[in-house]
Amino acid sequence: MANKTKRLLGKRDIKRGVKKLAQELNNDYRDRSPILVCILKGAVVFLADLIRELNFPLRIDFISVSSYGDSSRTSGVVKIIKDISIDIEGENVLLVEDIVDTGLTLSYIFDFLKRKNPRSLKICALLEKRVKRTKKIKIDYRGFTVPNKYVIGYGLDFSEKYRNLPEIITMEF
Ligand code: 5GP
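Right, let's walk through the structure included here. These numbers come from a predicted model, not from an experiment. (Residues numbered from 1 in each chain as written. Predicted model: local features only at pLDDT ≥ 70, side-chain atom pairs only at ≥ 80, totals over all residues. Heavy atoms only, no water.)

A few words now on the side chain of Ser-64. In this fold, Ser-64 is placed in strand β3 (residues 59-67). Filtering out sequence-adjacent residues up to four positions away, Ser-64 remains in contact with Leu-40, Lys-79, Ile-80, Ile-81 and Lys-82. (Helix = DSSP H or I, 4+ residues; strand = E, 2+ residues; numbered from the N terminus. Contact = heavy atoms within 4.5 Å.)

Structure, rendered in structure tokens:
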């Protein structure tokens, strides 16, 4: 890796954070049989660890989006590349995301899923950047607040690489 990197969260930190979130979810979703909707691809590693700490019946599904246009910044206009395959009408849905930055992507997905009339729709994000949110969204379950730096590892990529790193690392350009 040519860029300067620094470890932000080690394996033990991540494990602790995931367990803390799982405890909250185990309390809140005990009798609600939710559908966990994972936003591809970054949240896959988080989802895989999280669900193994959950002790209630659940289903999982996946949604994939891409930012519309060629701007390197999130425009907020996102395109659904892969929709969920389970009918969520009347169901308790928990959106599982890796990181919330401006909140534009998550806000779009939230509104998109809301139109499918779930019984409840909540958000669980492993990381939240300490930035001024462009879009107001309520993160119901949050793992860590992180500095406004680009992070990779534990599912998060840089040009589709480094998702397999077991730790969360900041990358400087
Ligand atoms: P938004 O600005 O819409 O909240 O963020 C959109 C998406 O950009 C996130 O879902 C995530 O996939 C990606 N993203 C935001 N910040 C970072 C970051 O620091 N590292 C990586 N790898 N992806 C990020």
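With respect to the helices and strands, the residue Thr-170 is situated in strand β9 (residues 168-172). When residues no more than four places from it in sequence are discounted, the contact partners of Thr-170 are Lys-4, Thr-5, Lys-6, Leu-8, Lys-149, Tyr-150 and Val-151.

Glancing now at the site of the ligand. Around the ligand there are 16 residues in total, and Thr-102, Gly-103, Thr-105, Val-151 and Asp-157 lie nearest to it. The backbone of Gly-103 places a nitrogen or oxygen atom 2.7 Å from an oxygen atom of the ligand. Leu-104 is positioned such that a nitrogen or oxygen atom in its backbone is 3.5 Å from an oxygen atom of the ligand. Within the complex, the protein chains bury 85% of what would otherwise be the 510 Å² of accessible surface of the ligand. (Near = heavy atom within 4 Å. Polar contact = N/O pair within 3.5 Å; in protein donor to acceptor, adjacent residues only side chain to side chain. Areas by Shrake-Rupley, 256 points an atom, 1.4 Å probe, with all protein chains shown as cover.)

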